[in-house]
Amino acid sequence: MAERMLKFINLPQQTPEKRPAEARREDFREIYADFQPEAATQQASRCSQCGIPFCQVHCPLSNNIPDWLKLTAEGRLEEAYELSSATNTFPEICGRICPQDRLCEGNCVIEKGFDSITIGAVERYITDTAFDNDWVKPIAPLAERAQSVGIIGAGPAGLAAAERLRAQGYQVTVYDRHDRVGGLLIYGIPGFKLEKEIVLRRWKWLEEGGVKFVLGADIGGATPFAELRAKHDAVLIATGVYKAREIGGPGAGLPGIVKALDYLITSNRQGLGDAVPDYDSGLLNAAGKDVVVIGGGDTAMDCVRTAIRQGAKSVTCLYRRDRQNMPGSLREVKNAEEEGVNFVWLSAPEAFLGDDKVTGVRAMRMHLGLPDASGRQSVEPIEGSSFTVKADLVIKALGFDPEELPGAFNEPELKLTGWGTLKVNARNFETSLPGVFAAGDIVRGASLVVWAIRDGRDAAAAIHRQFQAAQQSQAAE
Ligand code: FAD
Ligand code: SF4
Ligand code: SF4
């Protein structure tokens, strides 16, 4: 092993080639090129094959990282793919968009002193190679089972559950209010992080494996939730969180102040070739405008970088904490800065200016005070520090809360947590309604794709266990 591995001592870290910022600004293609085979092999061979692999411990899917790195280093890519896809339903997606600096790579032992193994890029390379070589086969259940499961939400949690349940032979139907599969993977996350073809390819793969999709189905709207419960033996709610947090203050209702997800969905639809009147009219299009984005999470980063690509005159991001204390990935901040985004740290809006539409944002400087009980520093305004930023498009990216599901689903017995997310039994993902399960952001609150996949897989396993237990007790009677 030592011959092929442990090369971190002599071999420096190499990431896949990153396109120059000037070229990136012009289109929505991904910014990282594919790993070349030789580079992927070499980078995988840097791994020291730790006895206790902290990379794996900090991967929400407990991916068997050292083993698939070793197989890659040995050129045994098909085996690497088999291993990597055993724990992750969408390795090529996680390889692209996981915040690896906070998860696997940030905990790689050789990060200290040397640079970590580029785990995400190798994971992406393995599965992209598998698709290119036709090693990715449709889901093939060993036997068909009569029980059916209805899944509400075609985001990563719903899709990961669908794959697991279908692999067990269940009849699976996924319902989504959108017209395409993928949830935030298709309509939230822009193409420069995750090209749409990658998501569409998985949609086709799931359909080929026998998963049925009913799109344009708004459950709790035109289609009552009770209809699904009557139709299926179990229901999984994986609806994500979509209620945008609002911002107050004078002028907050002026035209030209828009919600982040409305803006991103419009941009993604336009990129997918849909007719989008709000884009054509300029309402949700940054071209030629001075744009201000408010927030410091992943959504804000995606908005600023989308505005750059749409040809904004200027793009400014206001965030009330500093760079070190922002929730978004620092890698994305660096990418945004390279592309021309101006960050004004420690600043928060005070008022929105303009008569019949927004023309500027008056903001205040902030400073970080003493930590509260959770250890997070408080944010306090600095008196007399107001300044104005010109803006004809203001995008609010302050986070999301869950929609009120018991009302929408006409199920008052559906219990919520104090945060408005669905309350589930931690052992089996079952909600307070028997036979109704939940997974993903609607349980965790706004989180990450990799956690949604993990929850979807675990919820599917719990549903399977429950079906089996019911069968066994029927057989015993
Ligand atoms: P979602 O992906 O939100 O999918 C829920 C689905 O349910 C949607 O398709 C929706 O249409 C459908 N639905 C909702 N209500 C109903 C209903 N009543 N009837 C029918 N269908 C319904 N995470 C990362 O790991 N890396 C990133 O880089 C990253 N970037 C992000 C960028 C943005 C702009 C946003 C908003 C989030 C980002 N995230 C990122 C977070 C990640 O996308 C989510 O954590 C993840 O998608 C949650 O998966 P989910 O399946 O629970 O929900
Ligand atoms: Fe790292 Fe995410 Fe892949 Fe896990 S799934 S190994 S955290 S990139
Ligand atoms: Fe390899 Fe780093 Fe994981 Fe250790 S922590 S097994 S060196 S990737």
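If you're wondering where the values come from, they're calculated on a predicted model, not measured in any experiment.

(A) Up close: the packing of aromatic side chains. Applying the stated criterion across every chain yields a total of four aromatic pairs. Here the aromatic rings of Tyr170 and Phe467 are separated by 5.0 Å at their centres, their planes lie at 40°, and the arrangement is tilted. Here Tyr170 is found in the loop between helix H8 (156-167) and strand S2 (171-176), whereas its partner Phe467 is found in helix H18 (residues 449-476), with 297 residues between them in sequence. Residue Tyr170 is classed as buried on the basis of its relative accessible area of 0%. What makes Phe467 buried here is its relative accessible area of 10%. A cation over an aromatic ring shows up here: Arg202 above the ring of Trp205, its NZ or CZ 4.6 Å from the ring centre. Against the face of Phe192 rests Arg309, its NZ or CZ located 4.0 Å from the ring centre.

(B) Structural context of the site of ligand 3. Every residue near ligand 3 is listed here: Cys47, Ser48, Cys50, Pro53, Cys55, Pro66, Leu69, Cys108, Val109, Ile117 and Ile119. Taken together, the residues of the shell around ligand 3 sort by class into 10 nonpolar, one polar and no charged.

(C) Spatial organisation of the sheet that holds strand S14 (residues 393-396). Overall, parallel pairing links the five strands, which are arranged S6-S14-S7-S8-S9 in an open sheet. At either end of the open sheet lies a strand with only one pairing partner, and these are strand S6 (257-259) and strand S9 (342-344). Taken over all neighbouring pairs, the strand axes of this sheet differ in orientation by 25° on average, direction set aside. As judged from the three bridges shared by strand S8 (residues 314-318) and S9, these two strands associate in the parallel manner. Bridging from a neighbouring strand, Leu318 pairs with Val344 of S9.

(D) Region of interest: the site of ligand 2. Residues in close proximity to ligand 2 total 13 residues, the closest being Cys59, Asn63, Cys98, Cys104 and Glu123. Taken together, the residues of the shell around ligand 2 break down into nine nonpolar, three polar and one charged.

The rules we used
- Residues numbered from 1 in each chain as written.
- Chains lettered and ligands numbered in written order.
- Predicted model: local features only at pLDDT ≥ 70, side-chain atom pairs only at ≥ 80, totals over all residues.
- Heavy atoms only, no water.
- Phe/Tyr/Trp six-rings, centres within 6.5 Å; stacked < 30°, edge-to-face > 60°.
- Helix = DSSP H or I, 4+ residues; strand = E, 2+ residues; numbered from the N terminus.
- Buried < 20%, exposed > 50% of the residue type's maximum accessible area, 1.4 Å probe, protein only.
- Lys NZ or Arg CZ within 6 Å of the ring centre and 35° of its normal.
- Near = heavy atom within 4 Å.
- Nonpolar A, V, L, I, M, F, W, Y, C, P; charged D, E, K, R; others polar.
- Pairing = 2+ DSSP bridges.
- Axes fitted to C-alpha atoms, helices over the stretch in contact; angles between N-to-C directions.

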